[in-house]
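What follows is the residue order along each chain.
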Amino acid sequence: MRINKQFFSSLRWRIAFAYLMVIGIGFLIINFSVMEILEQHLMESKKIAYQKYSIQLAQIIANGYHDRDPNIFYQIREFGDEIDQIEGESTRILVLNNRGIVEQDSYQSTSLLRRNLMEDYDEVKRVLNGESVPAIDLFISTGDPPEYKRILYSFAPITHYTDGIIGMVFISTSLDGIEAVLADIRKAITFFSGIQFIHNSG
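Just so you know, these numbers come straight off a predicted model, no measurement behind them.

A. Layout of the overall build of the protein chain. For the protein chain, the count of helices and strands is four helices and five strands. In the protein chain, which comprises 202 residues, the proportion classed as buried is 34%. For the protein chain, the accessible area works out to roughly 13000 Å², and carbon and sulfur atoms hold 58% of it.

B. The sheet that holds strand β5 (residues 164-174), seen in detail. The antiparallel open sheet is built from five strands, whose spatial order is β2-β1-β5-β4-β3. Both edges of this open sheet fall to β2 (102-105) and β3 (136-142), since each of them pairs with a single strand only. On average, each strand axis in the sheet is inclined to that of its neighbour by 30°, with strand direction left out of account. Pairing between strand β4 (residues 147-160) and β5: 10 bridges, direction antiparallel.

C. Focus on the nonpolar core. Judged by nonpolar contacts, the single largest core of 24 residues is most densely connected at Tyr53, Ile61, Ile93, Ile158, Val169 and Ile171. When contributions to this core are tallied by element, the ones reaching two or more residues are α1 (5-66), α2 (72-87), β1 (91-97), β4 and β5. By size, the runner-up hydrophobic cluster in this structure holds 14 residues, among which are Val102, Tyr153, Phe155 and Phe170.

D. Quick look at unusual backbone geometry. With a phi angle near 55°, Gln108 is a residue other than glycine that sits in the positive phi range. One non-glycine residue with positive phi stands out, namely Arg114, at about 70°. Summarising the element assignment, Arg114 is placed in the loop between β2 and α3 (122-128). Exposure remark for Arg114: the relative accessible area of 54% places this residue in the exposed category.

E. Up close: the side chain of Ser154. As for its position among the elements, Ser154 is in strand β4. Within the local environment of Ser154, its side chain forms a polar contact with the side chain of Ser54, the two groups lying 2.7 Å apart. Residues in contact with Ser154, not counting those within four places in the same chain, are Tyr50, Gln51, Ser54, Ala135, Val169, Phe170 and Ile171.

Analysis parameters
- Residues numbered from 1 in each chain as written.
- Predicted model: local features only at pLDDT ≥ 70, side-chain atom pairs only at ≥ 80, totals over all residues.
- Heavy atoms only, no water.
- Helix = DSSP H or I, 4+ residues; strand = E, 2+ residues; numbered from the N terminus.
- Buried < 20%, exposed > 50% of the residue type's maximum accessible area, 1.4 Å probe, protein only.
- Areas by Shrake-Rupley, 256 points an atom, 1.4 Å probe, with all protein chains shown as cover.
- Pairing = 2+ DSSP bridges.
- Axes fitted to C-alpha atoms, helices over the stretch in contact; angles between N-to-C directions.
- Core = buried A, V, L, I, M, F, W, Y, C linked by side-chain atoms within 4.5 Å.
- Polar contact = N/O pair within 3.5 Å; in protein donor to acceptor, adjacent residues only side chain to side chain.
- Contact = heavy atoms within 4.5 Å.

Structure (structure tokens):
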């Protein structure tokens, strides 16, 4: 009985190819899992930090906002500058009244002043109704042609000891820094995974 050497040679290559495919798929799954865990960790840390900033600022300006102190605007700007220095991200602070209308903007822009954000953000209505609303992140389209940027929003009610909720703090910040870090990590993981795959196949 003659042995078909070509058949066994072909079978060996098929087994080797299947083995390499399993290794490659395994690397991809591990990499995606690591990136997902890392991204969740970074985002949760950022959300917690900005939620604290929102609550802290709401407490700082509560009495002044209730009494219509004009110095509140400078407090808001200084607080925003401090966040910029700590986090290294561009941060915008809005102060809304109890109807969801923007009354203060740390950017000194008039584009949002007197605008009712309750119509655009369900979170605004929920905060002013006394709900605890966690920070959220989402992608928004800007520019022409449109470019998608990741933004973090955090909220906190401004509460006065006699009048209850009299307004809210609405903080928005760019997440370009985190996106850049994640992009670099993805490149590094892809590079080293490729090297490991080549090494195992050699």
